[in-house]
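# Summary of structural features
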Amino acid sequence: FEGITMARQIRIDQIADLMEEEIEEVVRLTAIEWTKEVKEQTPVFKKYTLDEINSMPEFYKVPGQAKAIPLKESAANHVGGALRNAWQTQIGKFHAKIINNMEYAEPVLYGNNLPPSWRGQYRTRQGTVPGFPDLIGKEIATTRVPQFIAAFRRRN
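Residues numbered from 1 in each chain as written. Predicted model: local features only at pLDDT ≥ 70, side-chain atom pairs only at ≥ 80, totals over all residues. Heavy atoms only, no water.

### Re the overall build of the protein chain
Selection rule: Numbering of helices and strands runs from the N terminus, with a helix taken as a DSSP run of H or I at least four residues long and a strand as a DSSP run of E at least two residues long. Note on contacts: a residue pair qualifies if any of its non-hydrogen atoms lie within 4.5 Å across the two residues. All accessibility values rest on the Shrake-Rupley procedure with a 1.4 Å probe; residue burial counts only the protein chains present in the view.
The helix and strand tally for the protein chain stands at 6 helices and 4 strands. The N-to-C order of helical and strand elements in the protein chain reads α-α-β-β-α-α-β-β-α-α. Of all intrachain contacts in the protein chain linking residues separated by at least 6 positions in sequence, the fraction that spans at least 24 positions is 52%. For the protein chain, the accessible area works out to roughly 11,100 Å², and carbon and sulfur atoms hold 56% of it.

### Looking at the pairing of strand S4 (residues 96–100)
Here is the rule: Following DSSP output, two strands are said to pair if at least two bridges run between them.
Where strand S3 (residues 87–91) meets S4, 5 bridges bridge the pair, whose relative direction is antiparallel. If you follow Trp 87 over to S4, its bridge partner there is Asn 100. Hairpin connection between S3 and S4: a loop of 4 residues separates the two successive antiparallel strands.

### Looking at the layout of surface pockets
Going by this rule: The definitions used throughout rest on a 1 Å grid laid over the protein atoms alone, on which a cavity is an enclosed set of points accommodating a 1.4 Å probe that cannot get out and a pocket is an open set flanked by protein within 12 Å on both sides along at least five of seven lines; lining residues are those having an atom within 4 Å of a point. Grid points are joined across faces, edges and corners, and a volume is the space filled by probe spheres set on the points. Throughout, the ten residues Ala, Val, Leu, Ile, Met, Phe, Trp, Tyr, Cys and Pro are labelled nonpolar, Asp, Glu, Lys and Arg are labelled charged, and all others, Gly among them, are labelled polar.
In this structure, the second largest pocket spans a volume of roughly 210 Å³. The wall of the second largest pocket is formed by 15 residues, among which Trp 34, Trp 87, Ala 96, Ile 98 and Pro 133 lie closest to the centre. Secondary-structure elements contributing two or more residues to the lining of the second largest pocket are helix H1 (15–41), S4, helix H5 (105–110) and helix H6 (132–155). Counting residues per element, the lining of the second largest pocket draws most heavily on H1, which supplies 5 residues. In the lining of the second largest pocket, the residues fall into 11 nonpolar, 2 polar and 2 charged.

### Here's the deal with the nonpolar core
Worth spelling out the cut-off: Put simply, a nonpolar core is a bunch of buried Ala, Val, Leu, Ile, Met, Phe, Trp, Tyr and Cys residues held in one set by side-chain atoms that sit within 4.5 Å of each other. Between buried and exposed lies partly exposed: a residue is buried under 20% and exposed over 50% of the maximum accessible area for its type, with that area taken using a 1.4 Å probe on protein chains only.
Ranked by internal contacts, the top residues of the largest apolar core, which has 14 residues, are Val 38, Leu 83, Leu 109, Phe 132, Ile 136 and Val 145. Looking at this core, the elements with two or more residues in it are H1, H5 and H6. By residue number, the principal contributor to this core is H6, which donates 5 residues. When residues no more than four places from it in sequence are discounted, the contact partners of Ile 136 are Trp 34, Glu 37, Val 38 and Gln 41.

### Regarding the packing of H1 against H6
Two quantities define a packed helix pair, namely the angle between the axes and the distance from one axis to the other. Applicable threshold: Orientation is described by lines fitted to C-alpha atoms, with helices fitted over the stretch in contact, and by angles between N-to-C directions that extend from 0 to 180 degrees. For any pair of crossing helices, the crossing counts as left-handed if the nearer helix is rotated counterclockwise from the farther one by less than a right angle, and right-handed if it is rotated clockwise.
In contact at an axis separation of 9 Å, H1 and H6 are set at 140° when each is read in the N-to-C sense. In this structure, the crossing between H1 and H6 has a hand that is right-handed. Of the residues belonging to the contact of H1 with H6, the class tally is 14 nonpolar, 3 polar and 9 charged.

### Regarding H1
Heads up, the rule is: Helices are assigned an expected span. That span is 1.5 Å times one less than the residue count.
The end-to-end C-alpha distance of H1, which contains 27 residues, comes to 39 Å, matching closely the 39 Å that a straight helix rising 1.5 Å per residue would cover. What H1 keeps buried is the set Leu 18, Glu 22, Glu 25, Val 26, Val 27, Thr 30, Ala 31, Glu 33, Thr 35, Glu 37 and Val 38. Along its buried surface, H1 packs onto S3, S4 and H6.

As C-alpha cells, then:
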C-alpha cells in the first residue's frame with residue numbers, strides 16, 4: 001500500500017477529548033481573528049490640522065468634571081487610536097469575550113445612543129458601517145471557522 005495514507009485510528013473513549021480540543025482551538029482562533037479584524041476596522045480619531053484647532057472653542061466641559069478642559073490643547077496633543085486600543089479579548093475554554101468599553105464605543109461601533117452633537121445621524125470620518133463588529137463575526141463564522149475545523153481535523 002505504498003503512497004496511501006491511512007486515517008488516524010481513534011478509540012471511542014478518545015473522541016470526547018479530541019472534540020473538546022477541537023472546540024477549544026476553534027474558539028481561540030476565532031477570537032484572535034475577530035479581535036485582529038475588528039481592531040483593523042475600528043475608526044481612529046484623526047489628528048487635527050492647525051486650521052481645525054484654531055476654529056475650535058477654547059474650552060469644553062467634560063460631563064462629571066468640575067472644570068473645563070482646554071480643547072485646543074487637548075486636540076493638538078491628541079494621539080489617535082484610543083478606541084482601537086480599547087478592545088479586550090478574554091478567551092476561556094469554550095467561549096471568548098471581545099469587548100470595547102470606551103464611553104463612545106457604542107455610538108461609533110453600532111450607531112446606538114448617538115451623542116447630541118451628531119444630531120441623530122451616524123457618521124465617522126472613515127465611513128464606518130454601523131454594526132461592523134457583528135458583520136466581521138458573521139464573515140468569520142461562515143468562512144474562517146470551517147477552515148479552522150478542517151485544519152484541526154487534518155492534523156488529528
